[in-house]
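Chain residues, written in single-letter form:
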Amino acid sequence: MAHNHHGDHGDHHAGHHHHDHADIDWGEMAPLLEAQAELFTPLYEHAMAWLAKRQTEPGLVVDAGSGPGVVACLLADTFPGARIVAVDGSEPLLERARARAERLGVADRFGTLAGELPEILDDLDYPADLLWASRSLHHLGDQRAALAAFADRLAYGGTLALQEGGLPTRFLPRDIGFGRPGLHARLDALEAEWFAQMRADLPRSVAETEDWPALMTAAGLRPSGTRTFLLDLPAPTTDRARAYAAAVLTRIREGVAERLDADDRATLDRLLDPEDKASVHHRPDLFVLAAQTVYTAVRTR
Ligand SMILES: C[S@@+](CC[C@H](N)C(=O)[O-])C[C@H]1O[C@@H](n2cnc3c(N)ncnc32)[C@H](O)[C@@H]1O
């Protein structure tokens, strides 16, 4: 099972529930979510081009679980005739989305809607011609019910585009010259456990087989395509990519440190020490390689 939720790491210490979304503080995640989506822009652009090729110009595009609105603004670029509504549970993130739309000159056809998914979608004035949900569905307790609600908000002929899964993001070769080789693979295993716990802790959490086309079919939609998009920023990479790798590894370090052995913890500490020439801040072999899958389905009835 491959999860792609780098950037989703929240404060997940046992029993530490301080708000609604399991225990992830989305407002606090804003800088990382924004930096991630900005870095991943080439990947999203490919995904949007693929979507645009396969559908007529939408009137209303909804981004469900938009976060800071980087992708919502790319949707605005891709579909210049469309009105965009960014929907999210976190008002601070939507504030960033509105500021971004303003900066990019698309504010006149860009709106936000704050509230709990999927219920908040009832507040949309019109059915959506395209409903995009990237890495947000897996934060909802009942994914089957949420997909049914997404499907219900689509216009006839409208498309649901779901971005879930893909591959864990890689920054480093298997052997980095110190520590035990294969650190990434061991971090993946811990993240998979973290992810399972995060899902189990969600309100009204329901275990679900993650067969997205099957779930879209169960929601009354007709699956119309699946494609995986790559982000390939080879070494030597940019300062932005370094900062992103450092932010992701820092969150992993905070989240799963107590379950790493001492050797791996020491390796992570070296990788994160800006004074260390072998850290992600300086090492010449750092890259970003990510793969994210988009599933589409059409409402036919
Ligand atoms: C991992 S982020 C993805 C953000 C963005 N779609 C992207 O791809 O960059 C998940 C988003 O879902 C939102 N979210 C999580 N649970 C939610 C809920 N129950 N209701 C509304 N929004 C929620 C969070 O606030 C966050 O912005």
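Residues numbered from 1 in each chain as written. Predicted model: local features only at pLDDT ≥ 70, side-chain atom pairs only at ≥ 80, totals over all residues. Heavy atoms only, no water.

Looking up the chain in an unreviewed UniProt entry gives the name Methyltransferase domain-containing protein, with the organism given as Streptomyces lanatus.

A. Quick look at the overall build of the chain. The helix and strand inventory of the chain stands at 9 helices and 7 strands. The C-alpha radius of gyration computed for the chain amounts to 19 Å, which stays within 12% of the reference 19 Å derived for 301 residues, consistent with globular compactness. Seen through its C-alpha atoms, the chain measures out along the principal axes to roughly 55 × 40 × 30 Å. Of all 301 residues assigned to the chain, the portion counted as buried reaches 54%. At a minimum sequence separation of 6, the contacts of the chain that also span at least 24 residues come to 78%. (Helix = DSSP H or I, 4+ residues; strand = E, 2+ residues; numbered from the N terminus. Rg over C-alpha atoms; globule rule 2.2 N^0.38 Å. Buried < 20%, exposed > 50% of the residue type's maximum accessible area, 1.4 Å probe, protein only. Contact = heavy atoms within 4.5 Å.)

B. Just the pattern of salt bridges, in detail. The tally for this structure, following the rule as stated, stands at 14 salt bridges. With a shortest N-O distance of 3.0 Å, Glu208 and Arg144 are connected by a salt bridge. Pair noted here: Glu208 is in the loop between helix H6 (183-201) and helix H7 (212-218) and Arg144 is in helix H5 (residues 143-152), with a separation of 64 residues, a long-range link. The partner of Glu193 in a salt bridge is Arg259, with the nearest N and O atoms 2.5 Å apart. Placement of Glu193 in helix H6 and of Arg259 in the loop between helix H8 (239-256) and helix H9 (262-272) is noted, with a sequence separation of 66 residues between them. Through salt bridges with shared partners, a single network forms among Glu34, Glu38, Arg96 and Arg100. (Salt bridge = Lys/Arg side-chain N within 4 Å of Asp/Glu carboxyl O.)

C. Quick look at the UniProt feature "domain: Methyltransferase" (unreviewed entry) in the chain. According to UniProt, the positions carrying the feature "domain: Methyltransferase" (unreviewed entry) are residues 61-158. Taken as a whole, residues 61-158 contains 33% helix and 28% strand, while its terminal C-alpha atoms sit 10 Å from one another. (UniProt positions renumbered as here; feature names shortened; annotations may be inferred.)

D. Spatial organisation of the site of the ligand. Neighbouring the ligand are 20 residues; Gly65, Asp88, Glu116, Leu117 and Ser134 lie closest to it. Within the side chain of Ser134, one N or O atom sits 2.8 Å away from an oxygen atom of the ligand. Look at the ligand: alone it shows 600 Å² of surface, and the protein chains cover 98% of it. Put simply, the ligand lies in the largest pocket. (Near = heavy atom within 4 Å. Polar contact = N/O pair within 3.5 Å; in protein donor to acceptor, adjacent residues only side chain to side chain. Areas by Shrake-Rupley, 256 points an atom, 1.4 Å probe, with all protein chains shown as cover. 1 Å grid on protein atoms, 1.4 Å probe; cavity = no way out; pocket = protein on both sides within 12 Å on 5 of 7 lines; lining within 4 Å. Sits in = over half its atoms within 2 Å of the grid points.)

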